[in-house]
Amino acid sequence: MEYVSAVPRPPLDGLIDDLYYLEGTPPYPRLTLPPMPSALLILNLGPPFRIRAGADTETAGYADGCVVTTPTRAIEFGYPPGTRSVGVHFKPWGLAPFLRMPAAELCDRPVTVERVWGRPAVASLRDRLATAAGPYEMLALLEEELTGRLRETTGLGPARHASPGPGLGLVQHASSVIAAADGAVAISDLSATAGVSSTHLAQRFKEIVGVTPKRLARTYRFASAVLAIDPAEPVDWVELAARAGYFDQAHFGHEFRAFTGLTPTRYIDVRRRFLREHPGHALDAGPLPAD
């Protein structure tokens, strides 16, 4: 598969980790994406893909693309042969200025991009992307679209309905503190430092991130542990759990199953299978083969 990534210019870089282009045949018909402290927007330019998220038992099809706020559980993607899409990896708070609803409404419930931006706007953008001269022009068009929408929601244009309000700065600062500590922070200290109640902070987080600050901290801690794993080497689970700030290995194992549905040892087996069957693949260390 071809994967191209680019970091956007300011002010988008304060909201977005990267823009990406993905094209080709997936290594497996179904792939599982473990929860990460990130929101996601995909604009689909190929055949429809399917998603099973949260407590869903069935998959749902997405032709135009999808929007996913910071998840609390693993998401299963069914990519068709010949998949082609562009997307955005948002920082946890970064999607809020581009939504028409509180982020909590979408937590573990992906929706189509049309529901968020409207069918005419999405159809026009997809047409422009489909006729662009290659991945980099496509990412430039996507960045231009996002910049225009951000201007509108911050009061520089006629449309202001999607503005997340003054809570964005509060949530962005608190989330940055959580991220810097890999989730090892006391939430009561965050609210006290910000001069707001813990209830107020939790409400703003749910509106803008989709989850509470405590849940986001858990996600950062889990991500820290997962990203520290080298599947090509033996894993000392006790040391890994301790470095990530878990009370003990049992606590670590419980969190791992809650986030992924897999035990740590099963997870590393799946990662190693991916590595053996597709060395150097663009999706290595990302989605996993679905059981």
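Residues numbered from 1 in each chain as written. Predicted model: local features only at pLDDT ≥ 70, side-chain atom pairs only at ≥ 80, totals over all residues. Heavy atoms only, no water.

Visitor: Provide a residue-level description of the packing of aromatic side chains, including the pertinent values.
Guide: Applying the stated criterion across every chain yields a total of 13 aromatic pairs. Measuring from ring centre to ring centre gives 5.5 Å for F252 and F256, while their planes differ by 75°; the resulting arrangement is edge-to-face. On the criterion of helical spacing, the pair formed by F252 and F256 is a turn pair, its members being 4 residues apart in helix 9 (residues 249–260). Side by side, F252 and F256 carry an identical accessibility label, which is buried. Here the aromatic cluster, defined as three or more aromatic residues joined through ring pairs, consists of F222, W237, Y246, F252, F256, F259 and Y267. (Phe/Tyr/Trp six-rings, centres within 6.5 Å; stacked < 30°, edge-to-face > 60°. Helix = DSSP H or I, 4+ residues; strand = E, 2+ residues; numbered from the N terminus. Buried < 20%, exposed > 50% of the residue type's maximum accessible area, 1.4 Å probe, protein only.)

Visitor: Break down the sheet that holds strand 4 (residues 39–44) for me, with residues and values.
Guide: If you trace the 5 strands from one edge of the open sheet to the other, you get 1-2-9-4-7, paired in antiparallel fashion. Because the sheet does not close on itself, it has two edges, and the strands there are strand 1 (2–6) and strand 7 (65–68). Recorded for the sheet is a direction-independent mean angle of 15° between the axes of neighbouring strands. Sheet topology note: the strand 4/strand 7 ladder contains 4 bridges and is antiparallel. Across the sheet, the residue bridging to L40 is V68, located in strand 7. Packing of helix 2 (residues 119–130) onto the sheet brings it into contact with strand 4 and strand 9 (83–90), and relative to strand 4 it is tilted by some 70°. Here helix 3 (residues 135–153) sits on the sheet and contacts strand 1, strand 2 (16–24), strand 4 and strand 9; the angle it forms with strand 2, its principal contact strand, is near 140°. (Pairing = 2+ DSSP bridges. Axes fitted to C-alpha atoms, helices over the stretch in contact; angles between N-to-C directions. Contact = heavy atoms within 4.5 Å.)

Visitor: How would you explain the side chain of N44 if you had to name every residue and give the values?
Guide: Positionally, N44 belongs in strand 4. Polar contacts involving the side chain of N44 include one to the main-chain carbonyl oxygen of G46, which spans 3.0 Å. (Polar contact = N/O pair within 3.5 Å; in protein donor to acceptor, adjacent residues only side chain to side chain.)

Visitor: Residues and numbers for the packing of helix 7 (residues 213–227) against helix 9, please.
Guide: The contact between helix 7 and helix 9 brings their axes to 11 Å, and the two run at 105°. In this view, helix 7 runs roughly perpendicular relative to helix 9, as classed from their interaxial angle. Touching R215, R218, T219, R221, F222, A225 and V226 of helix 7 are H251, F252, E255, F256, F259 and T260, all from helix 9. Split into classes, the residues belonging to the contact of helix 7 with helix 9 amount to 6 nonpolar, 3 polar and 4 charged. (Parallel < 35°, antiparallel > 145°, perpendicular 65-115°, else oblique. Nonpolar A, V, L, I, M, F, W, Y, C, P; charged D, E, K, R; others polar.)

Visitor: Quick rundown of helix 4 (residues 167–180)? Include the residues and the values.
Guide: Its 14 residues give helix 4 an end-to-end C-alpha distance of 20 Å, which sits within 8% of 20 Å, the value for a rise of 1.5 Å per residue. Those residues of helix 4 that fall on the buried side of the exposure criterion are G167, L168, L170, V171, A174, S175 and I178. Along the long axis of helix 4, the arc covered by the buried residues comes to 160°, so they all point the same way. With respect to the buried face of helix 4, the exposed residues turned more than 90 degrees away are H173 and A180. Of the surrounding elements, those touching the buried residues of helix 4 are helix 5 (187–194), helix 6 (198–208) and helix 7. (Expected span 1.5 Å × (residues − 1). Arc of directions from axis to C-beta.)

Visitor: Any chance you could break down the nonpolar core for me, citing the residues and the numbers?
Guide: Counting 51 residues, the largest nonpolar core has L43, V67, F90, W117 and L146 as its most contacted members. Of all the elements, helix 3 adds the most residues to this core, at 6 residues. Contacts of W117, omitting those with residues within four sequence positions, involve L41, F98, R100, V122, L125, E145, L146 and R149. (Core = buried A, V, L, I, M, F, W, Y, C linked by side-chain atoms within 4.5 Å.)

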